[in-house]
Structures are given as structure tokens and as C-alpha cells.
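Below are the chains, spelled out letter by letter.
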Amino acid sequence: MRLLVVEDDRDLARQLHSALTDAGHAVDLAHDGAEGHFLGDTEPYDGVVLDLGLPEMDGITVLQRWRRDGRDMPVLILTARDRWSDKVSGIDAGADDYLAKPFHMEEMLARIRALLRRAAGHASNEIQCGPLRLDIAASRVSLDGQAVTLTALEFRLLSYLMHHQGKVISRTELVEHLYDQDFDKDSNTIEVFIGRLRRKTRAGLIETVRGLGYRLTSSPGGDDKA
Ligand code: CA
């Protein structure tokens, strides 16, 4: 998944970046509200961690503008003070969850996991697709109960497909959701990674839908409407 972190405290931004990257995500950073608003307005993020106290444009305004303009990605707000009024105005502005500073990274990660899986329509931390199982909390994939060893990018790709199983995902969508802003994006590399995933899992699980993209399905060749 691809995430945006908007946080002006550079140390905290770095810690968030490294925790979320370690959890398998592509992460872009913005250090003020205007830049954060612009990125969230123009890039298709799967989720956002948004500080409320920001230079240039405050977090509540950023969020209100995104929602006004139809940007519906899940947003976790960070409130500097443990004040109930900040939480209320943040949630009213369209936040999906909040975390009061200071917080433990583990709690932030758990909240992000919940937001991402719920946005994709999954209630549980384990997503199953035929013989494949994704343990979101542990960032692990198994095939028929056997752990599958994946590189960071292979994991990110398979995790995205598993969150969106049964749906046809275009190569463009994959490129937009797997790489951060600074990555040299080349949609041809997606094909290479799909090939590797097919070899590491089972050939029929990831279908190529000619001219449209790829679909992860537990019933290859069938009408999987998951
Ligand atoms: Ca701040």
C-alpha cells in the first residue's frame, strides 16, 4: 500500500516513515500542510497519517479540503494535545481515526492496518484467497500453511492484490500504489514482479486480464465476484 505522512516534526516524521516502510508500505513524506494537501490531492494514497498542528495550512483545513473535493482515502490524525475538542473537530472534518501524542509506533501501525483493511472491505487481520493467506499484522504470506519468502516489493504487490482480490487491477494502478513518489516508476517492472509471484505461489492464482490488468482469484478461470 502507498501512504502519505504529513508531519512537521522531522524526527517523528522519520520514525513514522521507517515504521511504515518496515511494515511493507511505500511512504511519501510532507512537512507542511500545503505540501501535504497538494500530495493528497494529486496522488492516489491508500491511507494518510496527518498531524493537526502544521505550518502553512493546519491539518483540519487540509482534511476538510480533501473531503470537500471527494478525496476519500482513510486518514489517521495525530493530535498534539490529548484534548477531546481536537478529536471531535478532526473526526467531524472527516478523519477515520485519531492518535494522541505521544503514542507507541505499534499502536499507530495497528490503527493503520485496521484502516487499510476496512477500506478494502476486510474485517479481520487475516485475508485468505484459496491456498494463500496474508497475515497483515505479521506482514507474512503463506501458501497451504507454508511461509512464502518474499522481497519487500513482492510482498507489497501481493498484499495489494490480496486486499483487492477478485477485482481487476491495472498496471497503472499497481504502479501508483506500490511505489513512493521518488521511485523511478516503470510499469514494465510490474510484469516481472507478477512473474516472480506466480512462481513463488501458484501459477493460476494471479490471472492476466488481457488489456486490463491482473486479478487475484481463488477460482482461476471462474467468475470470482469477491
Ligand atoms: Ca506538528
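Look a little higher up for the structure.
As a starting point, this report considers the structure included with it. (Residues numbered from 1 in each chain as written. Predicted model: local features only at pLDDT ≥ 70, side-chain atom pairs only at ≥ 80, totals over all residues. Heavy atoms only, no water.)

**Quick word on the pairing of strand E11 (residues 213-216)**
Item 1. Sheet topology note: the strand E10 (residues 206-209)/E11 ladder contains four bridges and is antiparallel. Across the sheet, isoleucine 206 pairs through a bridge with leucine 216, a residue of E11.
Item 2. What sits between E10 and E11 in their antiparallel hairpin is a turn of three residues, with glycine 211 showing a positive phi close to 80 degrees. (Pairing = 2+ DSSP bridges. Helix = DSSP H or I, 4+ residues; strand = E, 2+ residues; numbered from the N terminus.)

**As for the sheet that holds strand E4 (residues 75-79)**
Item 1. The sheet built from five strands is open, its strands ordered E2-E1-E3-E4-E5 with parallel pairing. With partners counted over all chains shown, the strands left at the sheet margins are strand E2 (26-30) and strand E5 (97-100), one partner each. Here the strands of the sheet are splayed against their neighbours by 20 degrees on average, with no regard to which way each runs.
Item 2. Relative to strand E3 (residues 47-51), strand E1 (residues 2-6) is paired through four bridges, and the arrangement is parallel. Bridge pairing in E3 links valine 6 to leucine 50.
Item 3. The strands touched by helix H3 (residues 59-68) within the sheet are E1, E3 and E4, with E3 carrying the most contacts at an inclination of about 150 degrees.
Item 4. Strands in contact with helix H5 (residues 105-119) are E1, E3, E4 and E5; relative to E5, the strand with the most contacts, it is inclined by about 175 degrees. (Axes fitted to C-alpha atoms, helices over the stretch in contact; angles between N-to-C directions. Contact = heavy atoms within 4.5 Å.)

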